[in-house]
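Observations on the three-dimensional arrangement
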Amino acid sequence: MSDAREGQATLDGVVSALRAHESFVMVSHVKPDGDTLGAGLALGLGLQQLGKRVAYFNENAVPRNLRFLPGADRVRRDLGTLPDGTMFCFFDMSDVARAGPYLPPFDAAHTLNVDHHLGNTRFAALNYILEAEASAGAVVLKILEALKTELTPQIAECILTTLMTDTGAFAHSNTTPAVLREAARMMEAGANKERITQEIFANKRFAAQHLMGTALARMRFDAEAGVVWTVVDAEMLASCGADSEDTEDIVQQLRIVDGCKVAVLFKALEPGEVRISLRSNGEVNVQSVAARLGGGGHFRAAGCTVPGSLGEGVTAIAEALRAEGVASAMVVPA
Ligand code: AMP
Ligand code: MN
Ligand code: MN
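Residues numbered from 1 in each chain as written. Chains lettered and ligands numbered in written order. Predicted model: local features only at pLDDT ≥ 70, side-chain atom pairs only at ≥ 80, totals over all residues. Heavy atoms only, no water.

Further remarks concern helix H11 (residues 310-323). For an α-helix, the turn length of 3.6 residues means that residues three or four places apart are oriented alike. Its 14 residues place the ends of H11 20 Å apart at the C-alpha level, agreeing with the 20 Å of an ideal helix rising 1.5 Å per residue. Inspection of H11 places Leu310, Gly313, Val314, Ala316, Ile317, Ala318, Ala320 and Leu321 among the buried residues, and these make up the whole buried set. Those residues of H11 hidden inside the fold are in contact with strand E8 (227-233), strand E9 (262-268), strand E10 (273-280), helix H10 (286-291) and strand E12 (301-307). (Helix = DSSP H or I, 4+ residues; strand = E, 2+ residues; numbered from the N terminus. Expected span 1.5 Å × (residues − 1). Buried < 20%, exposed > 50% of the residue type's maximum accessible area, 1.4 Å probe, protein only. Contact = heavy atoms within 4.5 Å.)

Structure representation (structure tokens):
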């Protein structure tokens, strides 16, 4: 079932395991995005065609802008009693810890890990990790093709959402010709690109745009090191009437500053911890930076959560960046 690459299942191995199981739980990562949800929903819809029982787990509520996804209303934290031998399938997560603390107990022998992150810990019995793919949903598409299920408009819409989410609507460097061909194929199969664009990229709440403005007002730029950073704290959220979902697009606005090599958003929203989002223009591997602090991600997009105050978070990132060759005297912006 494994090939030469250690811990990597073959596509055939994945397909026979999926066929052999009758009950599944599709697991998406905490603070879910369009990739982790779209990938799990797409495979789940395919398995339902084969008469399988499929449940969908996420510890959080589905974000407002992803509720249009086919099957999103079936995603929940409490799944009730599951049959013995239920297979747990994990999508878009470099480690099982990304599923969060509420994941129901599962049998490690019946697990499948479908991902595209660098440094995936290959935590499952079957690991199908394609790092060159733009989204976990693109990996699912290969599995669905091998399963020979019908590519319904609903499945196509889920897959197209994963591609658009992880390529920034086809703007990022992971937008290969193959991605554009797959996207075209999803549209031909009935995916509504306009709706995805509208739902995910164009219906910003007033509070979110207000928060963007206040975060950009606190932005700092170390032009010599090429580091752009800012913070969002609970006070800023409250004064804008925003919530944590409204922080999603801020780091990308830092990244597109001319001369920015590394963009960092520090979010101090819960007491005692700082969530950090990192983006790179392609020179610096921010996955390595995040991994130094227990996080992970991709070369150009990564994240981590560190304990302590905002100041401690900034210091931790400054040190991790220095260790990766980017020396910047970062401070908490006033
Ligand atoms: P974000 O900045 O939250 O959009 O995350 C960017 C990328 O880093 C995504 O691919 C995430 O899956 C990954 N990532 C974010 N936070 C973590 C974390 N704490 N541990 C591992 N990977 C993370
Ligand atoms: Mn993700
Ligand atoms: Mn992804």
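Okay, back to it.
A word on the domain arrangement of the chain. When the domains of the chain are assigned, the result is domain 1 (11-201) and domain 2 (206-323). Using only C-alpha atoms to locate each centre, domain 1 and domain 2 end up separated by 26 Å. Contact with domain 1, which involves nine residues of that partner, is made by eleven residues of domain 2. Per-residue buried area on domain 1 facing domain 2 is highest for Lys31, Arg64 and Leu118; these three make up 52% of the total on that side. (Domains from an automatic or database assignment. Buried area = accessible area lost by both parts, 1.4 Å probe.)

Right, let's get into the sheet that holds strand E7 (residues 220-222). The sheet built from six strands is open, its strands ordered E7-E8-E9-E10-E12-E11 with mixed pairing. The sheet terminates laterally at E7 and strand E11 (296-297), the two strands that pair on one side only. Note that E7 and E8 share three bridges and pair antiparallel. Bridged to aspartate 222 within E8 is valine 227. (Pairing = 2+ DSSP bridges.)

To continue, consider the pairing of E9. E9 sits mainly inside the fold: seven of its seven residues count as buried. Of the two faces of E9, the one lined by Val262, Val264, Phe266 and Ala268 and the one lined by Ala263, Leu265 and Lys267 are each fully buried. Pairing analysis gives seven bridges linking E8 to E9, with the strands arranged parallel. If you follow aspartate 233 over to E9, its bridge partner there is alanine 268. The sheet contact formed by E9 and E10 spans six bridges and is antiparallel. By the bridge assignment, alanine 263 is partnered in E10 with arginine 279.

Here we come to the site of ligand 1. Around ligand 1, the surrounding shell holds 13 residues, and the nearest of these are His117, Ser277, Arg279, Gly296 and Ala302. Between ligand 1 and the protein, one listed contact pairs an oxygen atom with a side-chain N or O atom of arginine 279 at 2.9 Å. Contact between ligand 1 and glycine 296: a nitrogen atom at 3.3 Å from a main-chain N or O atom of the residue. Here the shell around ligand 1 gets four residues from one element, more than from any other, and that element is E12. Here the shell around ligand 1 is built from residues that sort into three nonpolar, eight polar and two charged. Each of domain 1 (11-201) and domain 2 (206-323) gives at least three residues to the shell around ligand 1. (Near = heavy atom within 4 Å. Polar contact = N/O pair within 3.5 Å; in protein donor to acceptor, adjacent residues only side chain to side chain. Nonpolar A, V, L, I, M, F, W, Y, C, P; charged D, E, K, R; others polar.)

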